[in-house]
Amino acid sequence: MSEIKIFHIVGARPQFIKYTAIYRAITNDNVPNEMKHILIHTGQHYDFLMSDIFFQEFKIPLPDYNLGVGSDEHGKQTAKMIEGIEELILKYNPSLVVVYGDTNTTLAGALAAVKQHVPIAHVEAGLRSFNKKMPEEINRVLTDHCSTLLFCPSKTAVNNLKREGFERVIQNGELISEGESVIDLDADASFPIVVNVGDVMYDVLLWSLEVASSSDVIKRLGLKEKQYNVLTIHRAENTDNPEKFRELLNFVSNTTNGRITIFSVHPRTKKLLDLMDDEIQQCIKPIEPLSYFDMLWLVKNSNLIFTDSGGLQKEAYWLKVPCVTLREQTEWVETIESGWNVLYKNFTGEHTIKNNSADMNVYGDGKASKRIVKIISEFVLQKR
C-alpha cells in the first residue's frame, strides 16, 4: 500500500502554535499508518525566541525541512518560499498541503500547491479585516480562493466566505459535531468545502493553562497579579511607520493609570525602541519575547492588554482579560461584540470595556484540531 503524504507549511510563531494542536490530534487520534505528515518550516521567523523555543516547549518534532528563507521584502521572501516549497512538492507529490493563518508563508504554500494541482487545506479560513493595506488580508483572501478545504474558526468567518461566492457550506456554518463526517462529497479546488470547526488556538490554550500555571514569570518580572498591563506591537502597519508607532506608545502611556506596562518586543519592533522617551519609559518596560507558556500566564494575570496581535485578542477574550486593539479594525469581530475588546480609537477609559460573558463559545469547544484531522484523513483516503 503506497504511503499518503501530507505537507504542513509553517513559518511564524502563531503557526507553530496552531500546528501544535494539529500535531497533538494526529498523534492522539490513531491516524491511519499509511499517512505520513511532513512538516516544512519556511524560516520566516528564525530568531530562537520566535521559532526554536516552540518546538522545545511544545515537545513537537523538529521540522522535516527548514527552507531558511529569513527576512526580506514581501515579494522576494514569498518568491523564495514558493521556490523551496515547490521543489519539495515535486519531490514528494503530496496528497494535500495544509497551510495556517495569514502570513507570507501561508500564501507561498498555497500558491506553490495550487500551481502543481495539489489540494490545499486552510486552517483559519474566512477571516476578513476588510483592510487591503494589510499584507495579511491579501494573504487570507488569495489563500482561501486557492483552497479545497476551508476550516473556519467561527460562523462569522463562514459568512465572509459565503459573501465571496463560496457555496458548499456544511451545516450552514454552524459548528459541526466532533465525530461528524463531511467528506461524502467530491471536493476539489473548483468546488471547495467550507466548514466551521472552531479555533485551534482555543484547543492549545485549554491544555496549556495547567502547564502555564507553574510559570514564575510574574515573580521574575517583579510584578503583582492584576497590577500590570501587557503590550505587544508587531504588525507592519504599526512598525513600518515611526509616527504611528510613537502615537501608539503615547496612547498606551497615557492610559496606564499608574500601572507598569510590560512590552514584549517583537524582533521587527526593536529598531523603534529609540522612540521611547524618558516619560514613556517610566510606564512601559520592554522585555524580550517570552515563551508561549510564560506569555499565557502573564496575560492571564494582567489588568489590561494592548495589542495588534490577532491571537492575543482571542486569548484575552478566552481568559476574560480586557483588551484594547491597536488597529483601525480587527478580523476577530466577535471579541469586539462580546465587550471584552475595543479598538483603541474607541477607547475612552477602562469603563468602555463592558466585560460581557454572554457567549464565550463563538470559537468552538476546544476540539477544532480533532475535527480538522478527521476531515483531512477522510479527504486524502477518498482521493487516493
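Shown above is the structure to which this text applies.
Structural notes, computed from the coordinates.

### Description of the sheet that holds strand β4 (residues 96–100)
As a general point, the strands of a sheet are linked pairwise by backbone hydrogen bonds and lie either parallel or antiparallel.
Thinking step 1. One open sheet holds the seven strands; their spatial order is β3-β2-β1-β4-β5-β6-β7, and the pairing between them is parallel. Every interior strand has two partners, whereas the edge strands, β3 (65–66) and β7 (193–196), have only one.
Thinking step 2. Both strand β1 (residues 4–10) and strand β2 (residues 35–41) contribute to a ladder of seven bridges, which runs parallel. Paired with I6 across the strands is H37, a residue of β2.
Thinking step 3. Packing against the sheet, helix α3 (residues 74–92) makes contact with β1, β2, β3 and β4, and its axis sits at approximately 170° to β1.

### Considering helix α6 (residues 155–163)
Thinking step 1. The complete set of buried residues in α6 reads A157, V158, N160 and L161. What you see down the axis of α6 is that its buried residues fit within an arc of 155°, all on one side.
Thinking step 2. At its buried positions, α6 is contacted by α5 (135–144), β6 (149–152) and β7.
Thinking step 3. Directly after α6, the chain includes G165, whose backbone phi takes a positive value near 105°.

### Things to note about helix α4 (residues 104–115)
Thinking step 1. An ideal rise of 1.5 Å per residue puts 16 Å on 12 residues; α4 measures up with 16 Å between its terminal C-alpha atoms.
Thinking step 2. Most of α4 sits out of view: nine of its 12 residues are buried.
Thinking step 3. Considered for burial, the residues of α4 that qualify are N104, T105, T106, L107, A108, G109, A110, A112 and A113.
Thinking step 4. For α4, the elements touching its buried residues are β1, α1 (13–28), α3, β4, β5 (120–123) and α5.
Thinking step 5. The N-cap of α4, judged by a side-chain oxygen 3.1 Å from the amide nitrogen of T105 a few residues on, is T103.
Thinking step 6. A positive phi of about 60° marks H117, the residue just after α4.

### A look at the sheet that holds strand β11 (residues 304–307)
Thinking step 1. Sheet architecture is open: six strands sit in the order β10-β9-β8-β11-β12-β13, paired in parallel fashion. Whereas interior strands pair on both sides, the edge strands pair on one side only; in this sheet they are β10 (284–287) and β13 (341–343). Taken pair by pair, the neighbouring strands of this sheet meet at an average axis angle of 20°, ignoring direction.
Thinking step 2. Bridging between strand β8 (residues 228–232) and β11 involves four bridges; their strand directions are parallel. Within β11, the position partnered with V230 by the bridge is I305.
Thinking step 3. Sheet contacts for helix α13 (residues 310–319): β8, β11, β12 (323–325) and β13; angle to β11, the most-contacted strand, approximately 165°.

### Re the side chain of N196
Thinking step 1. Along the polypeptide, N196 turns up in strand β7.
Thinking step 2. One polar contact links the side chain of N196 to the main-chain carbonyl oxygen of G173, over a distance of 3.0 Å.
Thinking step 3. Aside from chain neighbours lying at most four places away, what touches N196 is C152, P153, S154, K155, V158, G173, E174, L175 and I176.

### Re the environment of E315
Thinking step 1. Positionally, E315 belongs in helix α13.
Thinking step 2. Excluding its chain neighbours within four sequence positions, the residues that come into contact with E315 are M201, L205 and Y292.

Conventions and cut-offs
- Residues numbered from 1 in each chain as written.
- Predicted model: local features only at pLDDT ≥ 70, side-chain atom pairs only at ≥ 80, totals over all residues.
- Heavy atoms only, no water.
- Pairing = 2+ DSSP bridges.
- Helix = DSSP H or I, 4+ residues; strand = E, 2+ residues; numbered from the N terminus.
- Contact = heavy atoms within 4.5 Å.
- Axes fitted to C-alpha atoms, helices over the stretch in contact; angles between N-to-C directions.
- Buried < 20%, exposed > 50% of the residue type's maximum accessible area, 1.4 Å probe, protein only.
- Arc of directions from axis to C-beta.
- Expected span 1.5 Å × (residues − 1).
- Polar contact = N/O pair within 3.5 Å; in protein donor to acceptor, adjacent residues only side chain to side chain.

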